[in-house]
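# Descriptive analysis of the structure
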Amino acid sequence: MAEHRSITPDSPGTSIRVRMAPSPTGDAHIGTARTTLFNYLFARHYGGAFILRLDDTDRRREKPGAADALYRDLRRLGLDWDEGPDIGGPSGPYVQSVRTSIYGEYLDRLLASGPAYRCYCESARLAPLKADQVARGEPPRYDRRCLARAERERAGRERAGLDHAGTPYVVRLCLPAESGAYHDLVYGDRRYDLRHADDPILTRSDGSLLYDLASVVDDHLMAITHVLRGDGWLSTTPIHIALFHALGWEPPVFGHLPQIVGQDRRKLAKRDGSAALGGLLRAGYLPEALVNFLALLGWSPPDGDEVLTLSELVARFDLRRVQRSPALFDTTKLDWLNGVYTRRLAPADLATRCLPYLRTAGLLDGTSANPDVSHAENAAAGDVDAPDVPDVRLERAVALSQDRLRRLDEAPDLLGFFLRAPDLDRELLLERGPAAPEAAALLAAARAALTEAADFTAPTLETMLRELAATHGYSTSQLFWLVRVAVTGRRAAPPLFDVLAALGRENVLARLDRAAEAPGVAS
Ligand code: GLU
Ligand code: ZN
């Protein structure tokens, strides 16, 4: 069977419609982001529709704010979705909790037409039943005692004046005693056997609905053609197929995506903070890099070129290239990709993206301790709110540091000295230069020379400092070390003369003064 279930729908004129059904139970996991991306790429590649549908059927597990955070983070990745009338206008997602009356109608239909039945068994009966089965080495399974009795019992209770609210029951689906098969777009032909399967519960005893019925009903009503989801659902898919059949509907095509494992080859746990989408964005991975990285979690491009933007991915995406074996979450690769995209950005763009990190570190507000001259204007203008647009000096700083910046959260460390005079590290200063009083004299000489610089450009500064070293009988590396540490506070920094030029004369002279006069250096 199933040869006709190809990637694109059989009937001409039917376009692809896929959905992502995340549950708002916490910080979105990297697996959720990957599955969302694959649905998005599949839909956009074939010009179909991509639907976002919030699976909030289990209100008890819902975490406040999780849904909004998810929408925001998916939008940051550029994964926009289509339709969804329930909230937030035309681009709002579908929300299952506001659709419960729809699922209730179909539940009634299943109860009335036969495939579903009420089960009044209490755990006092079910627990020993299950224990016996397990002891005999059988899979635990409900014995269907209520299947025959359900209607009789219900009628009896009604006659006795007991209403349903007072009589807890679950609704179960009576699975057909049959085997079946379907074609999975990733796993190929799948056979299954429902003859010994446990009748699944569709609604809990408090009347609340489990995901399965809601999912099947929505997939049908929303004309979903392909269900692409994590391979954790492989064992449930036969039950969903049975539900489609019980409702008289044709199931969609299924494709199950490989799980994501960490370096230890174990499945990345939901609670693993390093695997949370929001956390990775906050850590300063660029959305562009994350999208590229996510695409490679279980899929490989046909031509081997792994650096691909979202639109390049859309053009190349092919479900036939999705693997079954687990995908490795390789942080080294993510760091590498992030570096690639960071270097591609225009300095002004990169500087803008660094702003929130610099602001949080207190490097942009006029109130930060020891504000340097570059931002003194902000403070003077009473501009306590940091600017949303980076100033030219920051842009220059970013341009000089772009090669070294691996993640945006490194911006305060790498760019801090451009924005604020660094703490003076006397030991570092004296590590390679001349000893104490000579160091101060040399710094003072450098200060005097640079005061006279005709212009404050890198070539001029380089010529002057080389001459100065020769005049005073020091090696250039000794002098440059002193100046670098005095001005940047760092062992390694972008090319010294570019740094000096970017900082500007006033800042540089002030920092040289401060180092020359520091206790332990001056004497
Ligand atoms: N909310 C389900 C999940 O957490 C959706 C499964 C599906 O795509 O049908 O994965
Ligand atoms: Zn029962």
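Preceding block: the structure.
Computed from a predicted structure; not experimentally measured.

## Comments concerning the pattern of salt bridges
- Tallied over the full model, the rule gives 26 salt bridges.
- One salt bridge connects Arg44 with Asp82, and the closest N-O pair in it is separated by 3.1 Å. Of this pair, Arg44 sits in helix α1 (residues 30-45) while Asp82 sits in the loop between α2 (66-76) and β3 (94-95), placing them 38 residues apart in sequence.
- Between Arg407 and Asp409 there is a salt bridge, and its shortest N-O distance comes to 3.0 Å.
- Residue classification places Arg407 among the partly exposed positions, given a relative accessible area of 21%.
- Among the charged side chains, a network of salt bridges with common partners joins Arg19, Arg53, Arg99, Asp218 and Asp219.

## Description of the environment of Asp231
- As for its position among the elements, Asp231 is in the loop between β9 (226-230) and α7 (237-246).
- When sequence neighbours within four positions are dropped, the list of residues in contact with Asp231 reads Tyr187, His256, Leu257, Pro258 and Gln259.
- A polar contact is formed between the side chain of Asp231 and the side chain of Tyr187, at a distance of 2.9 Å.
- In this structure the side chain of Asp231 is engaged in a polar contact, spanning 3.4 Å, whose partner is the backbone nitrogen of Gln259.

## Notes on the sheet that holds strand β4 (residues 116-119)
- Spatial strand order, β4-β5-β8: 3 strands in an open sheet with antiparallel pairing. Edge positions in the sheet fall to β4 and β8 (201-203), since each has one partner strand and no second. Neighbour to neighbour, the strand axes of the sheet diverge by 40 degrees on average, direction disregarded.
- Of the strand pairs in this sheet, β4 and strand β5 (residues 170-173) are connected by 4 bridges, and their pairing is antiparallel. Note that in β5 the partner of Cys119 across the bridge is Val170.

## What to know about the coordination of the zinc ion (ligand 2)
- Only Cys119 (SG), Cys121 (SG), Tyr142 (OH) and Cys146 (SG) from the protein coordinate the zinc ion (ligand 2), and they sit 1.8 to 2.3 Å from it.
- Here the zinc ion (ligand 2) binds 4 donor atoms, and the angle range of 101 to 124 degrees at the metal identifies the geometry as tetrahedral.
- In primary-sequence terms, the residues that donate to the zinc ion (ligand 2) follow C-x1-C-x20-Y-x3-C. Of this pair, Cys119 sits in strand β4 while Tyr142 sits in the loop between α4 (123-135) and α5 (145-159), placing them 23 residues apart in sequence.
- Judged by relative accessible area, Tyr142 falls into the buried class, the value being 6%.

## As for the side chain of His240
- Along the polypeptide, His240 turns up in helix α7.
- Note on His240: relative accessible area 1%, which makes it buried.
- Ignoring any residue separated from it by four or fewer positions in sequence, one finds His240 in contact with Asp212, Val216, Arg229 and Trp233.

## Some thoughts on the packing of helix α12 (residues 347-360) against helix α15 (residues 411-419)
- In the contact formed by α12 and α15, the axes pass within 10 Å of each other and the chain directions differ by 85 degrees. Relative to α15, α12 is oriented roughly perpendicular. Seen from α12, the contacting residues are Cys354, Tyr357 and Leu358; seen from α15, they are Ala411, Pro412, Leu415 and Leu419.
- Taken together, the residues of the contact of α12 with α15 break down into 7 nonpolar, no polar and no charged.

Rules behind the numbers
Residues numbered from 1 in each chain as written. Chains lettered and ligands numbered in written order. Predicted model: local features only at pLDDT ≥ 70, side-chain atom pairs only at ≥ 80, totals over all residues. Heavy atoms only, no water. Salt bridge = Lys/Arg side-chain N within 4 Å of Asp/Glu carboxyl O. Helix = DSSP H or I, 4+ residues; strand = E, 2+ residues; numbered from the N terminus. Buried < 20%, exposed > 50% of the residue type's maximum accessible area, 1.4 Å probe, protein only. Contact = heavy atoms within 4.5 Å. Polar contact = N/O pair within 3.5 Å; in protein donor to acceptor, adjacent residues only side chain to side chain. Pairing = 2+ DSSP bridges. Axes fitted to C-alpha atoms, helices over the stretch in contact; angles between N-to-C directions. Donors = N, O, S within 2.8 Å, 3.2 Å for Na, K, Ca; no water. Tetrahedral: all angles 85-135°; square planar, octahedral: opposite > 155°, others 65-115°. Parallel < 35°, antiparallel > 145°, perpendicular 65-115°, else oblique. Nonpolar A, V, L, I, M, F, W, Y, C, P; charged D, E, K, R; others polar.

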